[in-house]
Amino acid sequence: MPSPAGLNAAQLDAVHYLAGPCLVLAGAGSGKTRVIVHKIARLLDAGYAPGQIAAITFTNKAAQEMRERAKQLVGPRAAKHLVVSTFHSLGMRILRQDGARLGLKPQFSIFDSDDVLGLLKEAGASTDNALARRWQWRISGWKNQGLNSDQAEAVAANDDERVAVRVMKRYEEQLAAYQAVDFDDLIGLPHQLLQQDDEVRAKWQDTLRYLLVDEVQDTNAVQYELLKSLVDHPDERRRGLFTAVGDDDQSIYGWRGATIENLKRLPQEYPSLKVIALEQNYRSTGHILRAANGVIANNPKLFEKKLWSDLGDGEPVRVVECDGEEHEAERAVARIQALRGAGGSSIDFNDFAILYRANHQARMLEKALRKANLPYKVSGGQSFFDRAEIRDLCAWLRLLVNHDDDPAFLRAVSTPKRGIGTQTLASLGEFAGRWKTSLYEALFAESLVTAVPARAIGSLHEFGRYVNDLEYRACHTTGAEDAKALLTGWLKDIGYEQHLMDGEDSEKLAAARWGNVLDFVDWIAKRCGGEIENDGGMTVETEKKSVLDVAQTISVIISLAERGDDQNVVTLSTLHAAKGLEWSHVTLVGVNEGLLPFRSDDEDMTAERLQEERRLMYVGITRARSTLQVSTLRRRKKGRDTIQGVPSRFIAEMKLHEVTVKEDPREKLKALRAAAAERAAQAATVAIKT
DNA sequence: CATACATGAATTTTT
DNA sequence: TTCATGTATG
């Protein structure tokens, strides 16, 4: 019985319960974003100011979507002041404002994982990428448990870990010296700050009075603690004003520190916790949902919850047995062609997704799609901001924001090459190390002449002066037009276009890179504001920002890469990257023992691991709206030999009554016809990749 | 001894 | 696709 707002009974309960802590168990496709957005509206009605309501998500994309939907419901005016942000950007906000209490200047840099890798190699005096990755992984794991290097030392279990602890100690020193933080610190440091500083905690508790947390099942230990320190108000009446939304059955990030313990702790630590389950699924048909329920029923339950749908039975789930990966890819493509052919090509490419466990499985699928001339995109490919040219420019911007950001300095100073070689930089680095200053600071030291030859000093000073001047201008340039002029002037000054031409042997590739650079410039200029946003009739004037302001937020914003939602193409995605998305027609490939559930040779499969794999299967199944095809391999490659493929146990768990489809000649014929029609159509759009 | 090319192998990902 | 390792050649 839908309410005027179109919410069902459970959803209404969730929206209207404001009195205390609330946990919403939102099954797949049960309309949880709707609930969050309506709850925001309800909170506004109840007298909360927009700025007192914070909605926390994991990804920028989710935050953006939530803000957008909130805007539609409560209007742009209120939506503008809502705090809708990721854990990390909230952490950044807290640190920028109050990080000084931890000895952090407001302009601190944020190191991304490549910077961190470089730093760790330095800290551990190693050039081995794989080794440094393992350190990075280990150290991040500790940090996600809330451990610093001293505490990690106590738990280090073997020699490898003890080495990692040593590297971590050195790494902590480096970060402090550079006035930099890594992504984990964006959670850990705010938490530490709120713990140790009552004044700051009181201030933030007063600012953010009601918290809505999306995907709680994905929080790690430190994120949970951060939430607690915001929500545990000393005044009993204001304690625990939050709504946590999540689904224990969709917890698939245990391997990166997310812990389902957090969901168990909630009812214990907040005895008055109101638990509401959203069980009506608005996405999938009966066959699909029953298969999903069948699989997940094999996991132990944390909370009782069973999805149902009134969309009818729909099509049965198809299980397809394939000879090998190539055959499987062909059949996945044939399925798309058959459905499109059957629907008179009225079905968009957008409605199809092929999902797999591991990235490398995309290769064969891409090949088959190209051959069939179907447009596609590979989600989870490297982002716009990972490209070398964009990272070059980001390094410059970071250096402007924080002169002590040494990795940024090193990248900027040699991009493009300006007569400052490794020899000079090594001497400068040694000098800076001796005096415990940043490279940039060292550059202006009088005694530098003792360490670096005069000729090199000239180039260094020139660079330093330029950076200084550029910073000054960036700080005083606001508005899109002026920002663009400044940025293009800068690119010209440093001769970046020429640099790209020199560095690339294919002129076409260089031009493509330059195109990215120009996109990037436009993107920054746009964010410098003065922009009129159009919101369904309403126009909102956003504040103008300086180029430096925008530069400050860059490493936390990666939304440009997500463009392409509007392209009408087939999606290829890992199961992990598919979470939260949905398509009418989904094919799950490689549903074999060893692949899904994944089993590695050197680690044995614990019950927890298997359960997470099962949840992954569950996530995959529940992505589908109307049809689902699951394919298995009769033979699959392992190392250099081919082994017999064993269908995944999850297929049996779906409890399907249908017989496995071996090969359907009619489908093949339909596919052939569709393919012929398709051939006349446009060429394949290839994924955004270099 | 160093560089260049070929061959083979590959969890999952965000900030 | 990318990345690392190994072999062969200069």
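The rules we used
- Residues numbered from 1 in each chain as written.
- Chains lettered and ligands numbered in written order.
- Predicted model: local features only at pLDDT ≥ 70, side-chain atom pairs only at ≥ 80, totals over all residues.
- Heavy atoms only, no water.
- Salt bridge = Lys/Arg side-chain N within 4 Å of Asp/Glu carboxyl O.
- Helix = DSSP H or I, 4+ residues; strand = E, 2+ residues; numbered from the N terminus.
- Buried < 20%, exposed > 50% of the residue type's maximum accessible area, 1.4 Å probe, protein only.
- Axes fitted to C-alpha atoms, helices over the stretch in contact; angles between N-to-C directions.
- Parallel < 35°, antiparallel > 145°, perpendicular 65-115°, else oblique.
- Left-handed = near helix turned anticlockwise from the far one by under 90°.
- Contact = heavy atoms within 4.5 Å.
- Nonpolar A, V, L, I, M, F, W, Y, C, P; charged D, E, K, R; others polar.
- Pairing = 2+ DSSP bridges.
- Near = heavy atom within 4 Å.
- Polar contact = N/O pair within 3.5 Å; in protein donor to acceptor, adjacent residues only side chain to side chain.
- Expected span 1.5 Å × (residues − 1).
- Patch = residues over 30% accessible without salt bridge, like charges linked within 9 Å, V, L, I, M, F, W, Y side chains within 5 Å.
- Areas by Shrake-Rupley, 256 points an atom, 1.4 Å probe, with all protein chains shown as cover.
- Lys, Arg positive; Asp, Glu negative; His and termini not counted.
- Charge placed at Lys NZ, Arg CZ, Asp CG, Glu CD.
- 1 Å grid on protein atoms, 1.4 Å probe; cavity = no way out; pocket = protein on both sides within 12 Å on 5 of 7 lines; lining within 4 Å.
- Points joined across faces, edges and corners; volume = space filled by probe spheres on them.
- Phe/Tyr/Trp six-rings, centres within 6.5 Å; stacked < 30°, edge-to-face > 60°.
- Lys NZ or Arg CZ within 6 Å of the ring centre and 35° of its normal.

(A) Structural view of the pattern of salt bridges. Scanning the model with the defined rule gives 45 salt bridges in all. In this structure, Arg615 and Glu612 form a salt bridge, with 3.5 Å as the shortest nitrogen-oxygen distance. Of this pair, Arg615 and Glu612 both sit in helix H26 (residues 607–621), separated by three residues, roughly a single helical turn. The same class applies to Arg615 as to Glu612, namely buried. When salt bridges with common partners are traced through the structure, they connect Glu225, Lys228, Asp232, Arg239, Arg265 and Glu269 into a single cluster.

(B) Structural context of the packing of helix H2 (residues 32–45) against helix H3 (residues 60–81). Following both chains from N to C, one finds H2 and H3 inclined at 20 degrees, their axes separated by 9 Å at the closest point. Taken together, H2 and H3 sit at an angle that is classed as roughly parallel. Where H2 crosses over H3, the two elements pack in a sense that is right-handed. The segment H2 lies against H3, with Thr33, Arg34, Ile36, Val37, His38, Ala41 and Leu44 engaging Met66, Arg69, Ala70, Leu73, Val74 and Ala78. Of the residues assigned to the contact of H2 with H3, the class counts are nine nonpolar, two polar and two charged.

(C) Here's a closer look at the sheet that holds strand E8 (residues 274–278). One open sheet holds the six strands; their spatial order is E3-E2-E6-E7-E1-E8, and the pairing between them is parallel. The outermost strands of the open sheet, each flanked by one partner alone, are strand E3 (83–86) and E8. Pairwise comparison of adjacent strand axes, ignoring direction, gives a mean angle of 15 degrees for this sheet. Note: strand E1 (residues 22–26) against strand E7 (residues 242–246), four bridges, orientation parallel. Residue pairing across strands places Leu23 opposite Ala244, the latter belonging to E7. This element, helix H1 (residues 9–16), spans E1 and E8 of the sheet and lies at about 145 degrees to E8.

(D) Just the protein's contact with DNA strand B, in detail. Around DNA strand B sit 18 residues, and of these Asn60, His88, Arg357, Asn359 and Thr574 come closest. The sugar-phosphate backbone supplies 55% of the atoms of DNA strand B found within 4 Å of the protein. Here a phosphate oxygen of DNA strand B and a backbone polar atom of Asn359 are 2.5 Å apart. A distance of 3.0 Å separates a base oxygen of DNA strand B from a polar atom in the side chain of Arg609. Here the residues of the surface near DNA strand B sort into seven nonpolar, seven polar and four charged.

(E) Here's a closer look at helix H4 (residues 87–98). End to end, H4 covers 16 Å across 12 residues, agreeing with the expected 16 Å (1.5 Å per residue, within 8%). Burial analysis of H4 places nine of its 12 residues in the buried class, which makes it a mostly covered element. Taken as a whole, H4 has its buried residues at Phe87, Ser89, Leu90, Gly91, Met92, Ile94, Leu95, Arg96 and Asp98.

(F) Spatial organisation of a positive patch on the surface. Together, Arg363, Lys367, Lys371 and Lys637 make up a positively charged patch on the protein surface. A per-element tally of the positive patch places helix H15 (residues 362–371) first, with three residues. Topologically, Lys371 is positioned in helix H15.

(G) Structural view of empty space enclosed by the protein. Per the stated rule, a full pass over the model turns up six cavities of 30 Å³ or more. Considering only enclosed or pocket space, the largest cavity measures out at about 110 Å³ in volume. Around the largest cavity, the lining residues are Leu211, Val213, Val216, Tyr224, Leu227, Lys228, Val231, Phe242, Ala244, Leu266 and Tyr270. Every element with two or more residues in the lining of the largest cavity is listed here: strand E6 (210–213), helix H11 (221–231) and E7. Here the lining of the largest cavity takes four residues from H11, the largest share from any one element. Residue composition of the lining of the largest cavity, grouped by class: 10 nonpolar, no polar and one charged.

(H) Expanded view of the packing of aromatic side chains. Counting across every chain of the model gives 12 aromatic pairs. Taken together, a centroid distance of 6.0 Å and an interplanar angle of 75 degrees make the contact between Tyr48 and Tyr210 edge-to-face. Of this pair, Tyr48 sits in the loop between H2 and strand E2 (53–57) while Tyr210 sits in strand E6, and the two are 162 residues apart along the sequence. Of the two residues examined, Tyr48 and Tyr210, each falls in the buried class. Note on Phe111 and Tyr178: the rings are 6.1 Å apart at their centroids and 50 degrees apart in plane angle, and the pair reads as tilted. In this pair, Phe111 is assigned in strand E4 (residues 109–111) and Tyr178 in helix H8 (residues 159–178), connecting sequence segments 67 residues apart. The pair Phe111 / Tyr178 is uniform in exposure class, with both members buried. Site record: aromatic cluster; members linked through ring pairs are Trp396, Phe409, Phe463, Tyr466 and Trp490. In this structure, Arg96 is placed above the aromatic ring of Phe108, and the distance from its NZ or CZ to the ring centre is 4.2 Å. Directly above the ring of Tyr253 sits Arg256, whose terminal nitrogen or CZ lies 3.7 Å from the centroid.

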